[in-house]
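Next come the chains, spelled out residue by residue.
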Amino acid sequence: MQYISGITQTNLRVFVFLLLSCVLLKLTYIFGSSFWSYEELFYAMGAKKLLGGSILYKDFIDMKPPGIYVVYAALVKISGEANLLYAIKIATLFFQVTTAFVLYRIAAEISNRKNALISAVAFIAALSVNRTGWLLYVFTVTLLPWAFSIFFLVRGNFRLRAADLFYSGFFLALAVLCSTQFIIFAALLPLSLLVTGIPARQFFFSSSAFLTGFLLPLISAAAYFYRHAALYDWYWCNFVWIKYYNGGQSLLAAGQNLLQSFVSTYTWIPLYVLAAFGALNFFRHRKEISRQRFVFILCLGGL
């Protein structure tokens, strides 16, 4: 009991530390008196339409998945329109700090608490030194369920219990409903299981539990849009359109965009250096890491 209590106190201290760090690094945003981006205003307007009875992708069209509008609609419902701006700022802190804390728990499972804390602080710092990380964007919302999905996979030294696998799939589906591109991480579990060479029966059982959790939110969303005669509209905006979006540029243009992304995030250079050092250290000590952990981290980084 004392050991469990000690872990709980440590986790609480880490969470409070991350919260204070996030608040201190974003004071100018927290106490700002207006929207900092047209996207925040756009999502707020879309949320107001949803609460007014409009159906996303049918009565008003956007290529963003429904998750971000559900979050903003919940904020409008809870805070009211008059206090929405403050609710958005509080929600931003909640998503970023909670995501950082879950990343800390993930890193503590596959490494140690020292490296875990460094990773969590680096995440907070990366979001804070670049202004685009200060806002309640799609990416900000998506990272939280994605982090929970990864956490349930690595929890308890990769025990892969049925309940953990179900929750991992469930949270990954929530991430997909916030950003469709995150569907690629559905390959993380089967890839890891195949390479580690587990028995076919265990592979089927693990994949089934994960798939059940993954399909539940997606089927629920499909049922909602079907009931409102907007199923194809949702499918096209979220799954068909993204194919044209990703395939509509040449390799040269894609390379230029990648280079531009590094230029625009020059404030992340220390983070890039830290990541490169971590990757080098990871491969240098790969023989000291269990095969399952090595494959999992490799697949996660590759995806």
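Each value, and the rule that gives it
- Residues numbered from 1 in each chain as written.
- Predicted model: local features only at pLDDT ≥ 70, side-chain atom pairs only at ≥ 80, totals over all residues.
- Heavy atoms only, no water.
- Helix = DSSP H or I, 4+ residues; strand = E, 2+ residues; numbered from the N terminus.
- Buried < 20%, exposed > 50% of the residue type's maximum accessible area, 1.4 Å probe, protein only.
- Contact = heavy atoms within 4.5 Å.
- Areas by Shrake-Rupley, 256 points an atom, 1.4 Å probe, with all protein chains shown as cover.
- 1 Å grid on protein atoms, 1.4 Å probe; cavity = no way out; pocket = protein on both sides within 12 Å on 5 of 7 lines; lining within 4 Å.
- Points joined across faces, edges and corners; volume = space filled by probe spheres on them.
- Expected span 1.5 Å × (residues − 1).
- Arc of directions from axis to C-beta.
- Patch = residues over 30% accessible without salt bridge, like charges linked within 9 Å, V, L, I, M, F, W, Y side chains within 5 Å.
- Salt bridge = Lys/Arg side-chain N within 4 Å of Asp/Glu carboxyl O.
- Polar contact = N/O pair within 3.5 Å; in protein donor to acceptor, adjacent residues only side chain to side chain.
- Core = buried A, V, L, I, M, F, W, Y, C linked by side-chain atoms within 4.5 Å.
- Axes fitted to C-alpha atoms, helices over the stretch in contact; angles between N-to-C directions.
- Parallel < 35°, antiparallel > 145°, perpendicular 65-115°, else oblique.
- Left-handed = near helix turned anticlockwise from the far one by under 90°.
- Nonpolar A, V, L, I, M, F, W, Y, C, P; charged D, E, K, R; others polar.

Asker: Help me out: how do you make sense of the overall build of the protein chain in this one?
Answerer: The secondary structure content of the protein chain amounts to 14 helices and 0 strands. Counted from the first residue to the last, the protein chain has its helices and strands arranged as α-α-α-α-α-α-α-α-α-α-α-α-α-α. Within the span of the protein chain, comprising 303 residues, buried residues form 41% of the whole. Nonlocal contacts in the protein chain, meaning residues at least 24 apart in sequence, comprise 75% of its contacts between residues at least 6 apart. If you sum the accessible surface of the protein chain, you get close to 17,000 Å²; carbon and sulfur atoms cover 69% of it.

Asker: Can you walk me through the layout of surface pockets in this structure?
Answerer: Rolling a probe over the atoms, with the probe sized like a water molecule, indicates the empty space that remains. The calculated volume of the second largest pocket comes to roughly 390 Å³. In this structure, the second largest pocket is lined by 17 residues; those nearest its centre are Pro66, Gly67, Val70, Val71 and Leu177. Contributing elements (two or more residues each) for the lining of the second largest pocket: α4 (67–79), α7 (138–158) and α10 (200–227). Broken down by element, the residue count for the lining of the second largest pocket peaks at 4 residues, all from α4.

Asker: Help me understand helix α3 (residues 38–51), please; the structure alone is not making it clear to me.
Answerer: What sets the pattern is the α-helix's 3.6 residues per turn: residues three or four places apart point alike. The terminal C-alpha atoms of α3, which comprises 14 residues, lie 20 Å apart, in line with the 20 Å expected from a rise of 1.5 Å per residue. Along α3, the residues that are buried comprise Glu40, Tyr43, Ala44, Gly46 and Ala47. Projected onto a plane normal to the axis of α3, the buried residues spread over an arc of 165 degrees and lie on a single side. Looking one or two places after α3, you find glycine 53, whose phi comes out positive at around 105 degrees.

Asker: Any chance you could explain the environment of leucine 93 here in plain terms?
Answerer: Note on placement: leucine 93 falls in helix α5 (residues 84–110). Each C-alpha atom of the pair leucine 93 and threonine 140 lies 9.8 Å from the other, and the pair is 47 residues apart in sequence.

Asker: I tried to follow a nonpolar patch on the surface on my own but got confused; where do I start?
Answerer: On the surface, Leu12, Val16, Leu20, Leu24 and Leu27 cluster together to form a nonpolar patch covering roughly 480 Å² of accessible area. By secondary structure assignment, the location of leucine 27 is in helix α2 (residues 27–30).

Asker: Would you take a moment to explain α4 for this structure?
Answerer: Over its 13 residues, α4 runs 18 Å from end to end, which matches the ideal 18 Å to within 8%, given 1.5 Å per residue. Regarding α4, the residues found buried are Gly67, Ile68, Tyr69, Val71, Tyr72, Ala73, Leu75, Val76 and Ser79. Along its buried surface, α4 packs onto α3, α5 and α7. Just downstream of α4, glycine 80 is the residue with a positive phi angle, here 85 degrees.

Asker: Is there a simple way to explain the environment of serine 128 in this structure?
Answerer: If you trace the backbone, serine 128 turns up in helix α6 (residues 113–129). According to the relative accessible area criterion, serine 128 is buried, its value standing at 6%. Counting along the chain gives 102 residues from serine 128 to lysine 26, while the straight-line C-alpha distance between them is 6.5 Å. Ignoring any residue separated from it by four or fewer positions in sequence, one finds serine 128 in contact with Leu25, Lys26 and Trp134. A polar contact of 2.7 Å, which involves the side chain of serine 128, links it to the backbone oxygen of isoleucine 124.

Asker: Please explain the nonpolar core as it appears in this structure.
Answerer: Soluble globular proteins: nonpolar side chains tend toward being buried together. Core analysis: the largest hydrophobic core is formed by 71 residues, its most contacted members being Leu18, Tyr72, Leu75, Ile106, Leu136 and Trp146. For this core, the leading source of residues is α5, giving 14 residues. If near-sequence neighbours (up to four positions away) are discounted, tyrosine 72 is found in contact with Glu40, Tyr43, Ala44, Ala47, Ile88 and Leu136.

Asker: How do you make sense of the pattern of salt bridges when you look at a structure like this?
Answerer: When charged atoms on two side chains of opposite charge get close, those side chains can pair. Here the structure, examined in full by the defined rule, presents 3 salt bridges. Here lysine 48 makes a salt bridge to glutamate 81, at a shortest N to O gap of 3.6 Å. Taken together, the residues span a long stretch of sequence, with lysine 48 in helix α3 and glutamate 81 in the loop between α4 and α5 at a distance of 33 residues. On the basis of relative accessibility, which here comes to 52%, the residue glutamate 81 falls in the exposed class. Among the charged side chains, a network of salt bridges with common partners joins Arg155, Arg161 and Asp164.

Asker: What's the story with the packing of α5 against α7 in this structure? I'm lost.
Answerer: A pair of packed helices can be characterised by two numbers: the angle between their axes and the separation between those axes. With their axes 8 Å apart at the nearest point, α5 and α7 run at an angle of 20 degrees to one another. It follows from the interaxial angle that α5 and α7 lie roughly parallel. The chirality of how α5 crosses α7 is left-handed. Of the residues contributing to the contact of α5 with α7, the split by class is 16 nonpolar, 6 polar and 3 charged.

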